[in-house]
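One-letter residues, chain by chain:
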Amino acid sequence: MTIAQLTDVSLQFGAHTVLDTVSLTITDRDRLALAGHNGSGKSCLMRIVAGEITPDGGVVARARGRTVAYLPQTGVAPPQLELRGAAERAFAHAHSMQQRRVELEQQLAEHGPRDPHTQALLDEYQELGEALERSGYDTREALIDRVLRGLGFQDSDFARPCYEFSGGWQMRVALARILLEAPDLLLLDEPTNYLDLEARDWLLQFIRTYPGGVVIVSHDRYFLDHCITAVAELFLGRVRRYTGNYTAYREQRRRELEQQREAWERQQLEIERLQRFIARFRYNASKAQLVQSRIKQLEKIERIELPDSLKQVSIRFPAPERSARVVLHAERIAKRYGELPVFQDLSLTLERGEKLALVGPNGSGKSSLLRIIAGKDMGYEGELTHGSGVTRGYFSQDDIERIDSTGTVIEELEAVASYDLQPRLRELLGAFLFSGDEIHKPVEVLSGGERTRVALLKLVLYRHNLLVLDEPTNHLDMHSQEILQSALREYAGTVVFVSHDREFLSGVATKVLEFAPVSPQEPVRSTLYPGDYEYYLWKTDGGTLGQRSQPSAANSGFAAATTNNRARLERKALKAELSRIEREEAEILELVEELEQRRQQFHRELADPNVYSNGALVKPLTEALAQAEHHHEQQMARWQELDARLSEILAELD
């Protein structure tokens with residue numbers, strides 16, 4: 001059943017168009033991910049569906065009697081209640097329905113079976129009973145326990161006031177309440193941002209079996225792959241729906257982007273070829289007709305735009321100063337908060353260039369160890385030493401909130417960049433998706449993802465050779481995550497990081513340190529796995545080393561593979577011919593220009609009275625001129641052949 005229908009919905013902020021005639025249908029069976037780069041309008045679209053924003057144009061229709069609940073990305077105020085009481089508020093509507101049923105029971109007792117109002121009262125009583133059964137009202141105590149524990153809360157937390165929890169845990173309180181409300185449509189904006197892997201896995205299973213519709217914004221690719229069945233991509237204000245999980249969407253989008261990029265590159269070659277011809281022969285009277293023809297061709301070309309958010313971007317962080325081979329050595333490190341032990345007897349050696357990932361549930365001590373390594377927490381036992389020449393840079397989510405400069409993005413980075421890096425600032429900003437006027441954007445108006453990118457860039461501009469990163473991918477869209485992942489993989493320094501994103505862990509980690517809680521009263525047990533994240537999963541889950549989930553090849557037989565291979569070879573041959581023709585064409589045009597100059601020189605000499613009055617001089621000049629003109633005609637004929645073949649190749653590549 002359709003829950004929400006958007007038709008030609010538009011939304012603008014000032015001169016900026018966020019949504020441009022968007023149409024989208026959402027049903028109670030949907031498992032739909034909203035995709036798109038930061039700022040593409042995903043959260044705005046969710047808020048429109050939830051009724052929190054009124055669009056500037058279009059129609060938003062919601063099914064009567066169907067409920068919708070929206071979890072925002074940030075800004076959830078903690079209720080002035082204990083945790084269990086806050087979760088109980090999810091059943092406030094059910095409480096009202098139960099009270100109404102009691103009232104109906106009293107009214108039915110007062111009316112006889114022949115009373116004309118009795119049937120209407122019975123119908124309402126039955127409808128309320130069915131609604132209460134769907135809400136889980138009678139089993140709410142068990143439901144509350146299940147959801148709170150699934151999201152990582154301990155029994156000892158149930159009586160704690162919500163305001164005592166950190167911001168991340170308060171978001172879990174809000175998520176628990178929305179899940180317990182059991183609306184017909186769940187709208188979840190980055191629900192995994194503050195969840196550890198265990199809580200993410202629990203939420204994933206919850207969503208897969210949820211009886212209503214679900215729309216999710218998330219940058220966790222693994223999470224999306226295992227719980228969604230379709231993707232709606234917001235791009236340049238429009239929306240397009242793709243069937244399948246997130247990997248299927250990415251593969252289809254990759255092919256589309258590759259085709260778009262190839263078409264753009266071919267068009268650039270064509271434009272360059274036409275412009276080169278026009279520039280060479282613009283002032284040549286004999287080529288006036290050809291020049292005008294090329295100008296008209298150039299004007300008729302419908303330019304292909306390749307948006308910055310879809311361009312392939314790679315970045316190398318500035319090279320750090322070289323450190324000693326052993327970057328840090330920890331011997332029997334222990335950490336406790338009051339009488340509560342976190343971990344103890346933790347020993348570790350980290351060498352230059354290694355990328356160490358810390359994994360384990362929230363509260364197991366990962367962030368505590370990061371703060372110790374970064375020198376932010378000196379309240380620990382044991383011995384921690386750093387190698388010669390080691391400089392530490394530390395990133396946490398708190399750094400995002402501390403970026404409160406009144407300056408612009410470029411000014412924020414200019415203030416910390418060394419003299420030799422100043423010329424590279426625009427390049428680095430562009431690689432982190434700040435381009436054009438965006439580099440002059442005031443820092444105070446940046447989104448969470450933009451602030452994260454600025455904080456990370458500031459960190460690498462200091463050229464630290466040991467980066468300590470606590471959840472660096474939170475608030476980053478997937479494009480930004482891929483850029484950061486690639487940069488860290490190529491980074492010459494050493495990295496210690498915490499992330500709950502499996503793709504990021506797989507792409508960066510060369511070692512894994514696991515924190516495994518034993519009990520609330522005992523310190524965490526830590527185990528070092530001297531391999532990448534795939535190795536860690538193999539060792540802990542009993543999988544097969546190097547085995548990754550791949551799409552089934554059942555539908556792609558040998559014939560299809562052979563056909564695809566032949567097509568690739570043919571395209572490769574066409575591109576090689578294209579390059580050869582372009583080289584020959586450039587050589588011919590240079591020769592044509594040289595012949596033009598020689599012809600003009602011969603004409604000037606023949607116009608000299610001292611020459612045309614002397615027959616002995618005229619004859620060789622006339623022969624040379626005729627030879628040059630013949631050679632010129634030959635080259636122009638060959639150029640026209642090449643020009644025709646170029647057009648054929650470009651058409652075949654389309």
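Higher on the page you've got the structure.
Report on the accompanying structure. Just so we're clear, the structure is a prediction, and the values are computed from it rather than from any experiment. (Residues numbered from 1 in each chain as written. Predicted model: local features only at pLDDT ≥ 70, side-chain atom pairs only at ≥ 80, totals over all residues. Heavy atoms only, no water.)

As a further point, take helix α10 (residues 288-300). With 13 residues, α10 ought to run about 18 Å at 1.5 Å a step, and its terminal C-alpha atoms sit 19 Å apart, in line with that. Residues of α10 that are buried: V291, R294, I295 and L298. The buried residues of α10 occupy an angular sector of 105° when projected down its axis, which confines them to one face. Exposed and oriented more than 90 degrees from the buried face of α10 are Q289, K296 and K300. (Helix = DSSP H or I, 4+ residues; strand = E, 2+ residues; numbered from the N terminus. Expected span 1.5 Å × (residues − 1). Buried < 20%, exposed > 50% of the residue type's maximum accessible area, 1.4 Å probe, protein only. Arc of directions from axis to C-beta.)

As a further point, take unusual backbone geometry. A positive phi angle, close to 50°, is found at T21, a residue other than glycine. Take T21: it is sitting in strand β2 (residues 16-27). Under the relative-accessibility criterion, T21 is labelled partly exposed at 34%. Unusually for a residue other than glycine, R332 sits at a positive phi of about 55°. Here R332 shows up in strand β10 (residues 326-337).

Okay, a negative patch on the surface next. Together, D123, E127, E130, E133 and D138 make up a region of like negative charge exposed at the surface. In this fold, E133 is placed in helix α4 (residues 118-135). Judged by relative accessible area, E133 falls into the exposed class, the value being 67%. (Patch = residues over 30% accessible without salt bridge, like charges linked within 9 Å, V, L, I, M, F, W, Y side chains within 5 Å. Areas by Shrake-Rupley, 256 points an atom, 1.4 Å probe, with all protein chains shown as cover. Salt bridge = Lys/Arg side-chain N within 4 Å of Asp/Glu carboxyl O. Lys, Arg positive; Asp, Glu negative; His and termini not counted. Charge placed at Lys NZ, Arg CZ, Asp CG, Glu CD.)

Let's shift gears to the sheet that holds β10. Sheet architecture is open: three strands sit in the order β11-β10-β13, paired in antiparallel fashion. With one partner strand each, in any of the chains shown, β11 (340-351) and β13 (381-386) form the two edges of the open sheet. Going from strand to strand, the sheet's axes swing by 15° on average, the running direction of each strand aside. Direction of pairing for β10 relative to β11: antiparallel, over a ladder of eight bridges. The residue of β11 that forms the bridge with I333 is L346. Across the face of the sheet, helix α11 (residues 366-373) comes into contact with β10, β11 and β13 while running at roughly 130° to β10. (Pairing = 2+ DSSP bridges. Axes fitted to C-alpha atoms, helices over the stretch in contact; angles between N-to-C directions. Contact = heavy atoms within 4.5 Å.)

Applying the stated criterion across every chain yields a total of 33 salt bridges. For D184, the salt bridge identified is with R66, shortest N-O distance 3.2 Å. Of this pair, D184 sits in the loop between α6 (167-181) and β6 (185-189) while R66 sits in the loop between β4 (57-62) and β5 (68-71); the two residues are 118 residues apart in sequence, bridging distant segments of the chain. Each of E233, R240, R253 and E256 takes part in salt bridges that share partners, so that together they form one network.

With that out of the way, let us pick up the environment of R303. Mapped onto the fold, R303 is located in the loop between α10 and β10. Using a relative accessible area of 44% as the deciding quantity, one classes R303 as partly exposed. Along the backbone, R303 and Q267 are 36 residues apart, and their C-alpha atoms lie at a distance of 7.8 Å. Residues in contact with R303, not counting those within four places in the same chain, are Q267, I271 and L298.

This brings us to the environment of F223. Tracing the sequence through the fold places F223 in helix α8 (residues 221-225). Here the alpha-carbon distance between F223 and G244, two residues 21 residues apart in the chain, equals 14 Å. Beyond its immediate sequence surroundings of up to four residues, F223 is in contact with T192, R200, L203, L204, I207, I216 and S218.

Adjacent strands of a sheet form backbone hydrogen bonds with each other and so pair up, either parallel or antiparallel. The strand order β2-β1-β4 describes an open sheet built from three strands, whose pairing is antiparallel. Each edge of the sheet is formed by a strand with only one pairing partner; in this case those strands are β2 and β4. With strand direction ignored, the average angle separating the axes of adjacent strands in the sheet is 15°. Across five bridges, the pairing between strand β1 (residues 2-13) and β4 is antiparallel.

Attention shifts here to helix α7 (residues 197-208). Over its 12 residues, α7 runs 16 Å from end to end, which matches the ideal 16 Å to within 8%, given 1.5 Å per residue. Taken together, the buried positions of α7 are occupied by L197, A199, R200, W202, L203, L204, F206 and I207.

Tracing the backbone through its elements, the reader meets E522 in the loop between β17 (511-516) and β18 (525-529). As for E522 and L340, which are separated by 182 residues in sequence, their C-alpha atoms are 8.0 Å apart.

Now for the packing of helix α5 (residues 140-150) against α6. It is at 10 Å that the axes of α5 and α6 come closest, and there the two elements cross at 140°. Considering their axes alone, α5 and α6 lie oblique with respect to each other. Both α5 and α6 take part in a crossing whose hand is right-handed. Across from L143, I144, V147 and L148 in α5, the residues of α6 making contact are A176, L179 and L180. When grouped by side-chain class, the residues that make up the contact of α5 with α6 number seven nonpolar, no polar and no charged. (Parallel < 35°, antiparallel > 145°, perpendicular 65-115°, else oblique. Left-handed = near helix turned anticlockwise from the far one by under 90°. Nonpolar A, V, L, I, M, F, W, Y, C, P; charged D, E, K, R; others polar.)

It is worth spelling out the packing of helix α9 (residues 246-281) against α10 at this point. Running from amino to carboxyl end, α9 crosses α10 at an angle of 150°, the nearest separation of the two axes being 9 Å. When the axis of α9 is compared with that of α10, the two are roughly antiparallel. As for the relative orientation of α9 and α10, their crossing is left-handed in sense. Contacts from E270, I271, L274, Q275, F277, I278 and F281 of α9 reach α10 at L290, V291, R294, I295, Q297 and L298. In terms of residue class, the contact of α9 with α10 is built from nine nonpolar, two polar and two charged.

Shape is all these values report; function is a separate question.
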